[in-house]
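# Inside the fold
Letter by letter, the chains look like this.
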Amino acid sequence: MNETEARSLVLDVLSGIAPEADLASLPGKAQLRDELDLDSMDFLNFVAAVHARTGIDIPEADYPKLFTLDGAVAYLRR
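Presented here is a report on the structure given in the accompanying data block.

## Overview of the pattern of salt bridges
- Enumeration according to the criterion identifies 7 salt bridges in this entry.
- A salt bridge links glutamate 3 to arginine 77; the nearest nitrogen and oxygen atoms lie 3.9 Å apart. Within this pair, whereas glutamate 3 is found in helix 1 (residues 3-17), its partner arginine 77 is found in helix 4 (residues 69-77), the two being separated by 74 residues in sequence.
- Notably, a salt bridge pairs arginine 78 with aspartate 62, separated by 3.8 Å at the nearest N-O pair. With arginine 78 in the segment after helix 4 and aspartate 62 in the loop between helix 3 (40-54) and helix 4, this residue pair connects regions lying 16 residues apart in the sequence.
- We classify aspartate 62 as buried; its relative accessible area is 13%.
- Where salt bridges share partners, they join Glu3, Arg7, Lys29, Asp70 and Arg77 into one cluster.

Below, the structure is given as structure tokens:
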């Protein structure tokens with residue numbers, strides 16, 4: 001998966017979890033939970049949706065790698 005595809009996928013998943021958010025202006029290094037006002041359940045739904053769309057297993061130990069937009073994109077590209 002290239003960077004454009006990964007970013008598009010992450011933003012698409014986030015749009016389903018936080019539909020009111022202005023994702024076009026989401027800074028890459030911002031903490032998703034803080035910036036989008038996600039609670040822990042929202043974040044788990046984000047991880048589950050990324051897994052469902054990609055088939056990539058995301059162990060709980062890797063969750064911190066998905067805390068930012070840039071981190072999530074990098075994780076999907078590896």
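## Focus on the nonpolar core
- Core analysis: the largest hydrophobic core is formed by 23 residues, its most contacted members being Val10, Leu14, Leu32, Leu36, Phe46 and Leu66.
- Not counting the four nearest positions on each side in its chain, valine 10 is found in contact with Phe46, Leu69, Ala72, Val73 and Leu76.

## Focus on helix 1
- In this model, helix 1 (15 residues) spans 21 Å end to end at C-alpha, consistent with the 21 Å of a helix rising 1.5 Å per residue.
- Those residues of helix 1 that sit buried are Ala6, Leu9, Val10, Val13 and Leu14. All buried residues of helix 1 fall inside an arc of 130° around its axis, so they share one side. When the buried face of helix 1 is taken as reference, the exposed residues oriented beyond 90 degrees from it are Thr4 and Gly16.
- Contacts made by the buried residues of helix 1 are with helix 2 (32-35), helix 3 and helix 4.
- Two or three places before threonine 4, at the start of helix 1, stands the capping residue asparagine 2, its side-chain oxygen 3.0 Å from that residue's backbone nitrogen.

## Here's the deal with the packing of aromatic side chains
- In the structure shown here, the tally under the stated rule is 3 aromatic pairs.
- For the ring pair phenylalanine 43 and phenylalanine 46, a centre distance of 5.9 Å and an interplane angle of 45° mean the geometry is tilted. With phenylalanine 43 and phenylalanine 46 both in helix 3, this residue pair falls 3 residues apart, about one helical turn.
- Note on phenylalanine 43: relative accessible area 4%, which makes it buried.
- Relative accessible area serves as the criterion here: at 1%, phenylalanine 46 is assigned to the buried category.
- Summarising the aromatic geometry, the rings of phenylalanine 43 and tyrosine 63 are spaced 6.0 Å apart at their centres and angled 70° between planes, so their arrangement reads as edge-to-face. With phenylalanine 43 in helix 3 and tyrosine 63 in the loop between helix 3 and helix 4, the pair connects residues that are 20 residues apart, well separated along the chain.
- Ring-pair connections join several aromatic residues into one group, and the members of that group are Phe43, Phe46, Tyr63 and Phe67.
- The side chain of arginine 78 reaches across the aromatic face of tyrosine 75, ending 4.1 Å from its centre.

So, how was this worked out
- Residues numbered from 1 in each chain as written.
- Predicted model: local features only at pLDDT ≥ 70, side-chain atom pairs only at ≥ 80, totals over all residues.
- Heavy atoms only, no water.
- Salt bridge = Lys/Arg side-chain N within 4 Å of Asp/Glu carboxyl O.
- Helix = DSSP H or I, 4+ residues; strand = E, 2+ residues; numbered from the N terminus.
- Buried < 20%, exposed > 50% of the residue type's maximum accessible area, 1.4 Å probe, protein only.
- Core = buried A, V, L, I, M, F, W, Y, C linked by side-chain atoms within 4.5 Å.
- Contact = heavy atoms within 4.5 Å.
- Expected span 1.5 Å × (residues − 1).
- Arc of directions from axis to C-beta.
- Polar contact = N/O pair within 3.5 Å; in protein donor to acceptor, adjacent residues only side chain to side chain.
- Phe/Tyr/Trp six-rings, centres within 6.5 Å; stacked < 30°, edge-to-face > 60°.
- Lys NZ or Arg CZ within 6 Å of the ring centre and 35° of its normal.

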